[in-house]
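Listed below, chain by chain, are the residues.
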Amino acid sequence: MTQRVFETGGVQRRTLLAGAAAVAGVAALGGGTAVAATQARYRRHNVASPEGAKMLESYKKAIVAMLALPPDDPRNWYRHALTHTIDCPHGNWWFVVWHRGYVGWFEQVCRDLSGDPDFAFPYWDWTANPQVPAVMFDGVLNPNDPAYIPSLAAFNAQYGPVLDKFWDGLTPAQTGQLLIRGLRFPADLLFDIGPKGGPMFFPQGSARGSTQAKPGFDDITNNAVSPWMLDNALAPRDFIGFASPKTFYHGSITGFGVLEGQPHNKVHNCTGGIWTDPNGQTTYGDGFMQSNLSPVDPLFFLHHSNIDRLWDVWTRKQQGYGYPTLPDNNPSALDPKGDLGRWQSEPFLFFSDAKGQVLPPQKQLAGYYATIGEFDYDYQPGSGEQVVPPAPPTPRKLKAVAAAPSQQFAGTLKVAGKTSLGAADVAVPTALLTQAAQPNGPRLFATITVELSPFEHGQDLAVLINTPEGQAFDAKSPGFVTTLSMFGNHVVQRPVTFMVPLSKPLAALSGQKLLRANQPLSIRVARLGSGGPKPMMLHTHGLAASGATTSTAQVVSIVIESH
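Residues numbered from 1 in each chain as written. Predicted model: local features only at pLDDT ≥ 70, side-chain atom pairs only at ≥ 80, totals over all residues. Heavy atoms only, no water.

This part takes up the overall build of the protein. Helix and strand counts for the protein come out as 15 helices and 14 strands. Carbon and sulfur atoms provide 56% of the accessible area of the protein, an area that totals close to 21000 Å². (Helix = DSSP H or I, 4+ residues; strand = E, 2+ residues; numbered from the N terminus. Areas by Shrake-Rupley, 256 points an atom, 1.4 Å probe, with all protein chains shown as cover.)

Have a look at this one:
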C-alpha cells in the first residue's frame, strides 16, 4: 500500500551531521557534545529586516501558487495545513522537533514554487516586536484576502472528496495514528473542523483575530513574550526542562514547558482572537491561529520559525557550557531504548518533500530532525542570544556533563477558597528565596499539575503568589506570575503539568516587602476575572460551555524547583 502524505518541516545549523547520519549521530552525542559550526546555505532573517522583507515577497508568490494548486495536490496550501490538524504534537516532548520538520519541508515547497532559490522563512521576534508586523496584513499574507476559501461550506465541498481519497490510501501505521486521535474516517475530521467540534475553520472577515487597527497583544501575552519570560524559558539545563514533558505518543498531551506554554500558546491564542482585558475579562473572538488549522494563517510560519530559532539558541547555549542538548541516553532492562531512543524513534508519518512525495523511512523518525541537517539554514541573531556563551579563542571539544539535579520543594495543598481552584503552601528556604529575587540568582519554577475539564480551551488560569483570597489582581499585580493556557482543539483526558517561572514576581514581592522570612510561599490558582469586579466570561465556541460536563479544573500538585 502506498503511504499517503499531506506535507511538512525545519533550528540553526551547528552540526556536521546531516541526512541519514543524523539519527545515528544524535545517539552518539547522547547528552550533547559541542560540535563545530559550519556555514549554512540559507539564512532565516528577522522579518523586520530588509532581507526579511525580501523573503516575504517570495513567500507571497509561493502562497499564491499553493492556493491555486488543486485540492488533491499534497503541496496545496490547505492540504499542508491539514497535516498539522491531524498530526501536530502539543504539550509533549516532541513539540519542537515535529514542528522543525513540518516548517522545514514546507520551506522547501515555498522555495520551489516561489522561484526563489534562496528563500528561507523570516522569523517574527515577538519579544522585540510584540505586535503583528504591519506587512502581514498585505494581500495573501492576510488570511482574510479573497484568494482564500471564504466559508466552511466551500471548504467542505472542495476537500471532502479529497479526504475520502486520502483516507483510502492510508497505510496501516497512518490509520493507527489517526485512530489514536479519534479520527476514524474523514467525517470525524470534518466534524472536528466545523462549529460543533471546533471550530477550526473561520470565514473571511474572521480569519485572523489581530487586525491592522489592533495589531498588538493583551497584557497576558505581553507578559508571556517579555524578555524575563524568554530568559527563563532558555534557562533549564536539560532537554525535558526546556521542552515539554515526556509522553508515550506524540498525539497526547502531558504538559507544557515555559517556551511552549507561555509565548507559543499565548501568541497563537491572542492573534487568533482570544483577548483578555486589564480587568481579566476574556473575549473569545475568531481566527485560525487559535486552532489546529492555524497554518492557514501565513503568520503561523513566522511564529514557528521564531520558536525554532529559540530552540537553536538554547542548543548553542547548552553546547557552549557542555550541557546535554537532547533527552538522556539512559537505556535499562525495563526500558531498553531509554529516553533518547524512544524520543528519536517516534514515527512522523505525514510529512512529504518539496515535490509532495513520500519521505524515505529514515526521514519519518523524530531523531532525523534533532539537528537541522539537510534543511541547511541558520538564523540572523535575535532576542535571547545573550544566553549563549562567547566562543573561546581556540576551538575546543567539551565533554558533556549531566545537568545538576534541581532542588524540589513540594507544596502542601489547602482547601480552595471561593475564588480559587487550588492553593498550596510551599516551604522554600529563606536564603534561596532571597537569592532568587536577585537578577542573577538561581531560577525558581513552579510545576503545577491540574486536572482539567475535557473541553478546557481558552479559559486561562491565573497563578498568584502571596495574593490573599478574593483580592483583585491583574497582569501587573506584584504577586501575578502568569496564566496557564491551552492551545488548539484537544480533548484533555489526564492531568496536565505547566512549568512557570517565579523570578519576576518574587522580585516584585520582595521590593514591596511581601516576602516574609521563614514563611512558606502561598501559591494559588484562580480563573481570570475571579478576583476582579466582573464575573468571568465563558468561551462561546465549541463544547467548553455546552453543558456536556459539569467538571471544573482542580489542582493536583504544586512543586517548586530551583535550577
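For the structure shown, the criterion picks out 38 aromatic pairs. The interplanar angle of 25 degrees and the centroid separation of 5.0 Å between the aromatic rings of Phe155 and Tyr159 together place this pair among those described as stacked. Of the two residues, Phe155 and Tyr159 both sit in helix H5 (residues 152-168), 4 residues apart, roughly one turn of that helix. Of the two residues, Phe155 and Tyr159, neither departs from the other in class, the shared state being buried. Seen from the ring of Tyr377, Arg44 lies directly overhead, with NZ or CZ sitting 3.7 Å from the centre. For Arg208, the ring lying beneath its charged end belongs to Phe137, and the centroid distance is 5.2 Å. (Phe/Tyr/Trp six-rings, centres within 6.5 Å; stacked < 30°, edge-to-face > 60°. Buried < 20%, exposed > 50% of the residue type's maximum accessible area, 1.4 Å probe, protein only. Lys NZ or Arg CZ within 6 Å of the ring centre and 35° of its normal.)

Turning our attention to the side chain of Asp218. As for its position among the elements, Asp218 is in the loop between helix H7 (186-193) and helix H8 (219-225). Summary of buried charges: Asp218 has no salt-bridge partner, and the nearest side chain of opposite charge, Lys214, is 8.3 Å away. A distance of 2.9 Å separates a polar side-chain atom of Asp218 from the backbone nitrogen of Thr276. If near-sequence neighbours (up to four positions away) are discounted, Asp218 is found in contact with Cys270, Ile274, Trp275 and Thr276. (Lys, Arg positive; Asp, Glu negative; His and termini not counted. Salt bridge = Lys/Arg side-chain N within 4 Å of Asp/Glu carboxyl O. Polar contact = N/O pair within 3.5 Å; in protein donor to acceptor, adjacent residues only side chain to side chain. Contact = heavy atoms within 4.5 Å.)

This brings us to the pattern of salt bridges. Scanning all chains against the criterion turns up 19 salt bridges. One salt bridge in this structure joins Arg41 and Asp118, with 2.9 Å as the shortest N-O distance. Here the residue Arg41 occupies a position in the loop between helix H1 (21-29) and strand S1 (42-44), and Asp118 occupies one in the loop between helix H4 (95-114) and H5, the gap between them amounting to 77 residues. Asp231 is paired through a salt bridge with Arg443; the nearest N and O atoms lie 2.9 Å apart. Of this pair, Asp231 sits in helix H9 (residues 227-233) while Arg443 sits in the loop between helix H14 (430-436) and strand S9 (444-451); the two residues are 212 residues apart in sequence, bridging distant segments of the chain. According to the relative accessible area criterion, Asp231 is partly exposed, its value standing at 23%. A single network of salt bridges, built from pairs that share partners, joins Arg44, Arg100, Glu107, Arg111 and Asp308.

As a further point, take the sheet that holds strand S7 (residues 412-414). Strand order in this open sheet of 5 strands is S7-S8-S13-S10-S11, and the pairing throughout is antiparallel. The open sheet has two free edges, formed respectively by S7 and strand S11 (480-484), since each of these has just one partner strand. Strand-to-strand twist of the sheet, defined as the mean angle between neighbouring strand axes without regard to direction, takes the value 25 degrees. The strands touched by helix H15 (residues 503-511) are strand S10 (461-465), S11 and strand S13 (521-527); relative to S10, the strand with the most contacts, the crossing angle is about 40 degrees. (Pairing = 2+ DSSP bridges. Axes fitted to C-alpha atoms, helices over the stretch in contact; angles between N-to-C directions.)

Take the sheet that holds strand S6 (residues 407-410) next. Strand order in the open sheet formed by 5 strands is S2-S12-S9-S14-S6, and the pairing between neighbours is mixed. Here the strands that pair on one side only, and so sit at the sheet edges, are strand S2 (255-256) and S6. Across 2 bridges, the pairing between S2 and strand S12 (residues 496-501) is parallel. Paired with Gly255 across the strands is Thr497, a residue of S12.

For S12, the buried fraction is high: 6 of the 6 residues fall into the buried class. As paired strands, S9 and S12 are joined by 6 bridges and run antiparallel to one another. Paired with Ala446 across the bridge in S12 is Val500.

Between the first and last C-alpha of H5 there are 23 Å, a value that for 17 residues agrees with the 24 Å anticipated at 1.5 Å per step. Along H5, the sharpest kink reaches roughly 35 degrees, centred on Tyr159 and followed within four residues by the proline Pro161. Listing the buried residues of H5 in full gives Phe155, Tyr159, Gly160, Val162, Leu163, Phe166 and Trp167. On its buried face, H5 sits against helix H3 (77-87), helix H6 (172-180) and H7. (Expected span 1.5 Å × (residues − 1). Bend = angle between axes of the 7 residues up to and from the residue.)

Time to look at the packing of H5 against H7. At a minimum axis distance of 9 Å, the contact between H5 and H7 shows a crossing angle of 155 degrees. On the basis of their axis angle, the class for H5 and H7 is roughly antiparallel. As H5 packs across H7, the resulting crossing turns out to be right-handed. Together, Leu152, Phe155, Asn156, Gly160, Leu163, Asp164 and Trp167 of H5 and Pro186, Leu189, Leu190 and Ile193 of H7 make up the contact between the two elements. When the residues that make up the contact of H5 with H7 are grouped by side-chain class, the tally is 8 nonpolar, 2 polar and 1 charged. (Parallel < 35°, antiparallel > 145°, perpendicular 65-115°, else oblique. Left-handed = near helix turned anticlockwise from the far one by under 90°. Nonpolar A, V, L, I, M, F, W, Y, C, P; charged D, E, K, R; others polar.)

So, about the confidence of the model for the protein. Across the protein, the average pLDDT comes to 88, with 86% of residues at 70 or higher. This model gives residues 1-36 a pLDDT under 50, and the stretch forms 160 contacts once residues within four places in sequence are excluded. Low pLDDT, under 50, characterises residues 531-545; the predicted model gives this stretch 41 contacts beyond four residues in sequence or across chains. (pLDDT = per-residue confidence, 0-100.)

Once that is clear, we can look at the nonpolar core. Counting residues in hydrophobic clusters, the biggest one holds 103 residues, and the most contacted among them are Tyr59, Trp77 and Tyr78. In terms of residues, this core owes the most to one element, H4, which gives 10 residues. Contact partners of Trp77, with chain neighbours within four places excluded, come to Tyr59, Ile63, Met66, Leu67, Phe106, Tyr148, Pro295, Val296, Pro298 and Phe301. Listed in part, the 34 residues of the second largest apolar core include Ile253, Ala446, Leu452 and Ile465. (Core = buried A, V, L, I, M, F, W, Y, C linked by side-chain atoms within 4.5 Å.)

Now for unusual backbone geometry. A cis geometry characterises the amide bond from Gly198 onward to Pro199, with omega recorded as 0 degrees. Relative to the assigned elements, Pro199 resides in the loop between H7 and H8. With a phi close to 60 degrees, Asp376 is a non-glycine residue in the positive phi region. Mapping Asp376 onto the fold places it in the loop between helix H13 (338-344) and strand S5 (377-379).

Along S9, 7 of the 8 residues are buried, which leaves the element largely enclosed by surrounding structure. As paired strands, S9 and strand S14 (residues 554-562) are joined by 8 bridges and run antiparallel to one another. Bridge assignment links Thr449 to a residue of S14, and that residue is Ser557.

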